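A closer look at the structure
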Amino acid sequence: MAEGSDPVNQFLGQFLPSNRAAKDELAGIDFDAPKLSGRSIQQMAELVEAGLSRSQWFVTGEVDPRLFSDSFAFKDESVATTGIKAYATGVRKLFDQATSKVELISVEARPDTQALVVVWRLEGRVNLPFKPKIKPYVVTTTLGLDPDSGLICSQLDEFSVPGWDLLLSILLGEGFGAKPAPPVEELRAAAVAAAAAGGSKAAANVLKSASPR
């Protein structure tokens, strides 16, 4: 399991596919490809949006290493890891590739914080032996950019429902806890309305709209 995993995730990680299997599935990725340094923040936003639309790397692990700094680090409320290859392998292990998908809601460049904010809806199944379904939820991913190279140097994932709620819904069924996130069409419409009304607060408003009611 990734560095910094909590005990529950460490336990569940014993039942996920092996690192070797995940690495074999990602063997076509050139992790030593030359970096796309020196891009503007808007260009990086466009590259990230195009890449996620194409490969959905948040669930497939099929990253474009050219966009990532060698010092890349990932964190959410229960897991932390360093290195883009380790991140890609961990993602590939976690999600069932036949059913899991990323549905983009918005990608926003924030020059004031040198970051990209990606809001997206996740659904699918986890690669545990009984392939439990993930309750659909919204993730706000903040991609920090290195001020010198412009490459992605950090990723912070924040969820619209608590991690413990997601874990219990995986183990006990989707009916437990908070309601599933609305369909992506509703979330995209909310993002457009929020952007028109508040601009830089669009992602936060979308996240709020997807929270339990």
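Model, not experiment: these values are computed from the prediction.

Calculation notes
- Residues numbered from 1 in each chain as written.
- Predicted model: local features only at pLDDT ≥ 70, side-chain atom pairs only at ≥ 80, totals over all residues.
- Heavy atoms only, no water.
- Pairing = 2+ DSSP bridges.
- Helix = DSSP H or I, 4+ residues; strand = E, 2+ residues; numbered from the N terminus.
- Buried < 20%, exposed > 50% of the residue type's maximum accessible area, 1.4 Å probe, protein only.
- Contact = heavy atoms within 4.5 Å.
- Patch = residues over 30% accessible without salt bridge, like charges linked within 9 Å, V, L, I, M, F, W, Y side chains within 5 Å.
- Areas by Shrake-Rupley, 256 points an atom, 1.4 Å probe, with all protein chains shown as cover.
- Salt bridge = Lys/Arg side-chain N within 4 Å of Asp/Glu carboxyl O.
- Axes fitted to C-alpha atoms, helices over the stretch in contact; angles between N-to-C directions.
- Polar contact = N/O pair within 3.5 Å; in protein donor to acceptor, adjacent residues only side chain to side chain.
- Core = buried A, V, L, I, M, F, W, Y, C linked by side-chain atoms within 4.5 Å.

1. Points about the pairing of strand β6 (residues 152-159)
Bridge count between strand β1 (residues 68-75) and β6: 4 bridges; the pairing is parallel. Residue Phe-68 lies in a different strand from β6, and its bridge partner there is Ile-152. Strand direction decides the pairing type here: strand β5 (residues 133-145) and β6, joined by 7 bridges, are antiparallel. Within β6, the position partnered with Val-139 by the bridge is Phe-159. Joining the antiparallel neighbours β5 and β6 is a turn of 6 residues, in which Gly-150 adopts a positive phi near 80 degrees.

2. Side note on helix α5 (residues 84-94)
Turning to α5, its buried residues are Ile-84, Tyr-87, Ala-88, Thr-89, Val-91, Arg-92 and Lys-93. Along its buried surface, α5 packs onto α2 (19-25), α4 (57-60), β1, β2 (80-82) and β6.

3. Quick look at a nonpolar patch on the surface
On the surface, Phe-130, Trp-164, Leu-168, Leu-171 and Leu-172 cluster together into a nonpolar patch covering about 550 Å² of accessible area. If you trace the backbone, Trp-164 turns up in helix α6 (residues 163-172).

4. Some remarks on the sheet that holds β2
Strand pairing in a sheet takes place through backbone hydrogen bonds and is either antiparallel or parallel in direction. The strand order across the open sheet built from 6 strands is β2-β1-β6-β5-β4-β3, with neighbouring strands paired in mixed fashion. Unpaired on one side and paired on the other, β2 and β3 (101-110) mark the two borders of the sheet. Neighbour-to-neighbour, the strand axes of the sheet open up by a mean angle of 20 degrees, direction not taken into account. The sheet strands contacting helix α3 (residues 41-55) are β3, β4 (115-125), β5 and β6, and the helix crosses β3 at an angle near 180 degrees.

5. Observations concerning the pattern of salt bridges
Evaluated as defined, the whole model comprises 9 salt bridges. Glu-62 is the salt-bridge partner of Arg-92, the closest N and O atoms lying 2.9 Å from each other. Pair noted here: Arg-92 is in helix α5 and Glu-62 is in the loop between α4 and β1, with a separation of 30 residues, a long-range link. In this structure, Asp-165 and Lys-135 form a salt bridge, with 2.5 Å as the shortest nitrogen-oxygen distance. Taken together, the positions of Asp-165 in helix α6 and Lys-135 in strand β5 put the pair 30 residues apart, joining distant regions of the chain. Taken together, the shared-partner salt bridges connect Lys-101, Glu-103, Arg-121 and Glu-123 into one network.

6. Some details on the environment of Gln-97
By the secondary structure assignment, Gln-97 is in the loop between α5 and β3. Remark: the alpha-carbon pair of Gln-97 and Arg-125, spanning 28 residues in sequence, is separated by 8.3 Å. For Gln-97, the contacting residues outside a window of four places in its chain are Val-59, Thr-60 and Arg-92. A distance of 3.0 Å separates a polar side-chain atom of Gln-97 from the backbone oxygen of Val-59.

7. Brief notes about the side chain of Arg-121
When you line up the elements, Arg-121 lands in strand β4. For Arg-121, a relative accessible area of 7% gives the class buried. Reaching out from Arg-121, the side chain makes a polar contact with the side chain of Glu-123 at a distance of 2.5 Å. In this view, Arg-121 contacts Lys-101, Val-102, Glu-103, Ile-105, Pro-136, Tyr-137, Val-138, Ala-181, Pro-182, Pro-183, Val-184 and Leu-187; residues no more than four positions away in its chain are not counted.

8. Here we look at the nonpolar core
In terms of nonpolar packing, the biggest core is built from 45 residues, with Val-48, Trp-57, Tyr-87, Leu-116, Val-118, Trp-120 and Ile-152 touching the most fellow members. With residues near it in sequence (within four places) discarded, Val-48 still touches Trp-57, Leu-67, Leu-116, Val-118, Leu-143 and Ile-152. Val-138, Val-184, Leu-187 and Ala-191 belong to the second-largest nonpolar core, a separate cluster that totals 8 residues.

9. Points about unusual backbone geometry
Its identity as a non-glycine residue notwithstanding, Gln-56 has a phi of 50 degrees, on the positive side. With respect to the helices and strands, Gln-56 occurs in the loop between α3 and α4. By relative accessible area, which is 23% here, Gln-56 ends up partly exposed. With a phi close to 50 degrees, Gln-114 is a non-glycine residue in the positive phi region. By the secondary structure assignment, Gln-114 is in the loop between β3 and β4. Look at Gln-114 and you get partly exposed, because its relative accessible area is 29%.

Purely geometric numbers; function is a separate question.
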